[in-house]
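Structural overview
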Number of protein chains: 2
Amino acid sequence: LIDRQESPYPLAEPGSAAQVMEQFRQPIEDALRRSLDGRSAGIYDMLRYHLGLDGSSPSQGKALRPTLCLLVCEALGGDWSRALPAAASIELIHNFSLIHDDIQDGDELRRGRPTLWTRHGVAQAINAGDSMFALATLTLRDLRPLFDDAIVVEAMSVLREATREMIEGQFLDVGYESVPEVTLDQYLEMIRCKTGALLRASIEMGALLADAGAPLRHRCRRLGEAIGSLFQIRDDMLGVWGESETTGKSADSDIRRKKKSLPVVMALANARQTDREALLSTYAQDSLSSADVDRVRGIFDSLEVKMHLQQLADEAHEQAMKLVDTINFTSEGRTELVALVNFLLERDH
Amino acid sequence: LIDRQESPYPLAEPGSAAQVMEQFRQPIEDALRRSLDGRSAGIYDMLRYHLGLDGSSPSQGKALRPTLCLLVCEALGGDWSRALPAAASIELIHNFSLIHDDIQDGDELRRGRPTLWTRHGVAQAINAGDSMFALATLTLRDLRPLFDDAIVVEAMSVLREATREMIEGQFLDVGYESVPEVTLDQYLEMIRCKTGALLRASIEMGALLADAGAPLRHRCRRLGEAIGSLFQIRDDMLGVWGESETTGKSADSDIRRKKKSLPVVMALANARQTDREALLSTYAQDSLSSADVDRVRGIFDSLEVKMHLQQLADEAHEQAMKLVDTINFTSEGRTELVALVNFLLERDH
């Protein structure tokens, strides 16, 4: 059995989000490596590069989803180390979607490094994403000797349904790029699918593998939904107000890239005639100048968009906290989960 | 239970390949429709269009893989109608690969109709392929009440491994487009993965769902490999010598598209210095003129490439026939399978 590592980060306070994530970091990385063990065809080198497992990257992603899965499993009295195949599988599904998302958005940087399609072309990046999806389904199979068949079957079902929903959300997201305006309700439904489904599944999977019954799993699903909303709201805020050095993404903001993310959706929902028309005509252009970007930022400021979005994030955070209190987590597990949820509210990357 | 339909094709002789395919056509189409039942999000309309289930197309694909699955199941004494979720799932995996393949190859026509990426753009076509993959995994789950868990688990494993291998083959195929020369061995290994894996899985799955033991399933896998080779050799021949009216593909031959398929691979393997250099310099150009295409055809003719490929196809056909004789198929099933294998040797579409 794998021991949770001592944190090598002296600054990570006990019970802090950094420490929680650090504790699970190495086991998750090892599980991802195992899922690629013996896979020597060239396509798997693309996957190792993307996952930061080839030594080319000093840091992998946050591994938020697998961390949530393992943490919830442990906090409900389960043996988190047995849940590692599920955690790895979830992270692989997430990364399959990132590889295809980068192609669709034309994003050239991810975690501070060139994206796969910029290195290998669109055709091979499509294959790499497909391969990551296939690998996820193979990895989940490793639950089999560790859990009863009924639980394994249910875990597969949870991941399959979440993947389906995630792709439906991705379809909505791409579609929204070519319509003039997206309403707040439409946008929230989209992120509920695109981001929420897999985050929800991460938490539900953790509960399932801790042998939680249906009512508890249902509460965990709702917690996952709240955490998913919180995560995506902050993510969209960082896309406009974040620093590329901390986010690892392109220095071009989501405004410059005309991304119809939450800030502009919220601005359009709140703007009066003049600002609405200015926003719509600006986003209708083929590309935006620095002056355009500044003008949009000015409109966001005058409409207090950032404050409104922070309110939305606060609401999602509060809902998550209320749901945490309905679930009988271990004391230590609860502390760690709360630290992680607080981090999602405050993160700058 | 679903009855096999009477053939509406008066010309389909009893026991002919056309009749075999026609017998299973409607049940397969119904199973594909069931897998999309209740899926109302817009992305599923893309899938229905691609599959020819939206009324926009007079004909679907040949459904070769699900037909082989059902036919082998029946020919080994199984109840083919219970295997329909597996057959549909295989066809969905195949079509997921076609959607992404069309993007990668820039193909504008498939079965005589515009491909998804030409209608909806690359980004949404990527999503549609992903969604088809996800749907395939959901559809296979429908085997569950019909078969023992051990068989369902094994069926999932067979499909997962075949999908992984198919994507590895697709990676090789795309990679070969950007190297000056592909050897015959490299090419045959590529098609063994890209096309062979899923055809092999189709036949193995049919055997598995007829409750075949491991030795019989092994022979069925080998039969699937031979049929896969036969299929792809003929497919590559049709890409150069087929008529677009019958294939439903672009009128541009694989030569014009500089596709490094079997004809040019075989030509390079057999050519002497002058022809080799002419072929390599022609294929090194950005695009080919009609004169270039004619010159390449001339080289193919002088090297008797078509005849050599037909020999390869004949060998694969002979091997398939020998393997058929090692398997204890029902008399009627054997006749139908032989008719189908003969069709693959002779088909013009």
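Read on for an overview of the structure. (Residues numbered from 1 in each chain as written. Chains lettered and ligands numbered in written order. Predicted model: local features only at pLDDT ≥ 70, side-chain atom pairs only at ≥ 80, totals over all residues. Heavy atoms only, no water.)

**Remarks on the overall build of chain A**
Along chain A, the regular secondary structure elements total 14 helices and 2 strands. A globule of 349 residues ought to have a C-alpha radius of gyration of about 20 Å, and chain A, at 20 Å, matches this closely. Each of the three principal axes of chain A carries a C-alpha extent, and together these read 60 × 50 × 40 Å. Within chain A, contacts between residues at least 6 apart in sequence are counted, and of these 75% link residues at least 24 apart. (Helix = DSSP H or I, 4+ residues; strand = E, 2+ residues; numbered from the N terminus. Rg over C-alpha atoms; globule rule 2.2 N^0.38 Å. Contact = heavy atoms within 4.5 Å.)

**Some thoughts on the relation of the copies chain A and chain B**
Superposition of the two copies of the chain requires a rotation about an axis and a shift along the axis. Aligned on chain B, chain A shows an RMSD of 0.0 Å; the corresponding rotation is 180° and the shift along the axis is 0.0 Å. Such a combination of turn and shift is consistent with a two-fold rotation axis. (Least-squares fit on C-alpha atoms with pLDDT ≥ 70 in both.)

**Side note on the packing of aromatic side chains**
In total, this model carries 7 aromatic pairs over all chains according to the counting rule given. Seen from their ring centres, A:Phe24 and A:Trp80 are 5.2 Å apart, and the 80° between their planes marks the pair as edge-to-face. With A:Phe24 in helix H1 (residues 17-36) and A:Trp80 in the loop between helix H3 (64-75) and helix H4 (84-105), this pair connects stretches of sequence that are 56 residues apart. Take A:Phe24 and A:Trp80: they sit in the same class, and that class is buried. Aromatic side chains B:Trp241 and B:Phe300 sit 6.1 Å apart centroid to centroid with 55° between the ring planes, which places their arrangement in the tilted category. (Phe/Tyr/Trp six-rings, centres within 6.5 Å; stacked < 30°, edge-to-face > 60°. Buried < 20%, exposed > 50% of the residue type's maximum accessible area, 1.4 Å probe, protein only.)

**Looking at helix H14 (residues 331-346) of chain A**
Residues and elements named next belong to chain A. When the terminal C-alpha atoms of H14 are compared, their 23 Å separation across 16 residues agrees well with the 22 Å that a helix rising 1.5 Å per residue should span. Of the residues making up H14, those classed as buried are Gly-333, Glu-336, Leu-337, Val-338, Ala-339, Leu-340, Val-341, Phe-343, Leu-344 and Leu-345. Check the buried side of H14 and you find it contacts H1, H3, helix H8 (214-241) and helix H13 (305-325). (Expected span 1.5 Å × (residues − 1).)

**Considering the interface of chain A and chain B**
Contacts between the two partners involve 34 residues from chain A and, on the opposite side, 34 residues from chain B. Together, the buried faces of chain A and chain B total about 3300 Å²; carbon and sulfur atoms form 65% of this surface. Inspection of the chain A/chain B interface yields 2 salt bridges. Between B:Glu161 and A:Arg141 there is a salt bridge whose closest N-O contact spans 2.9 Å. Across the contact surface, chain A and chain B share 16 residue pairs in polar contact (both at pLDDT 80 or more). Looking at the side of chain A that touches chain B, the elements with two or more residues in it are helix H2 (42-51), H4, helix H5 (116-140) and helix H6 (149-176) of chain A. In terms of residue count, the dominant contributor to the side of chain A that touches chain B is H6(A) (12 residues). Residues that form the side of chain A that touches chain B fall into these classes: 16 nonpolar, 10 polar and 8 charged. (Buried area = accessible area lost by both parts, 1.4 Å probe. Salt bridge = Lys/Arg side-chain N within 4 Å of Asp/Glu carboxyl O. Polar contact = N/O pair within 3.5 Å; in protein donor to acceptor, adjacent residues only side chain to side chain. Nonpolar A, V, L, I, M, F, W, Y, C, P; charged D, E, K, R; others polar.)

**Brief notes about the state of the cysteines**
Residues and elements named next belong to chain A. Applying the stated criterion across every chain yields a total of 0 disulfides over all chains. Looking at the unpaired Cys-69, the closest cysteine sulfur is the one in Cys-73, lying at 6.7 Å. Here Cys-69 falls in the buried class, since its relative accessible area comes to 0%. (Disulfide = S-S within 2.5 Å.)

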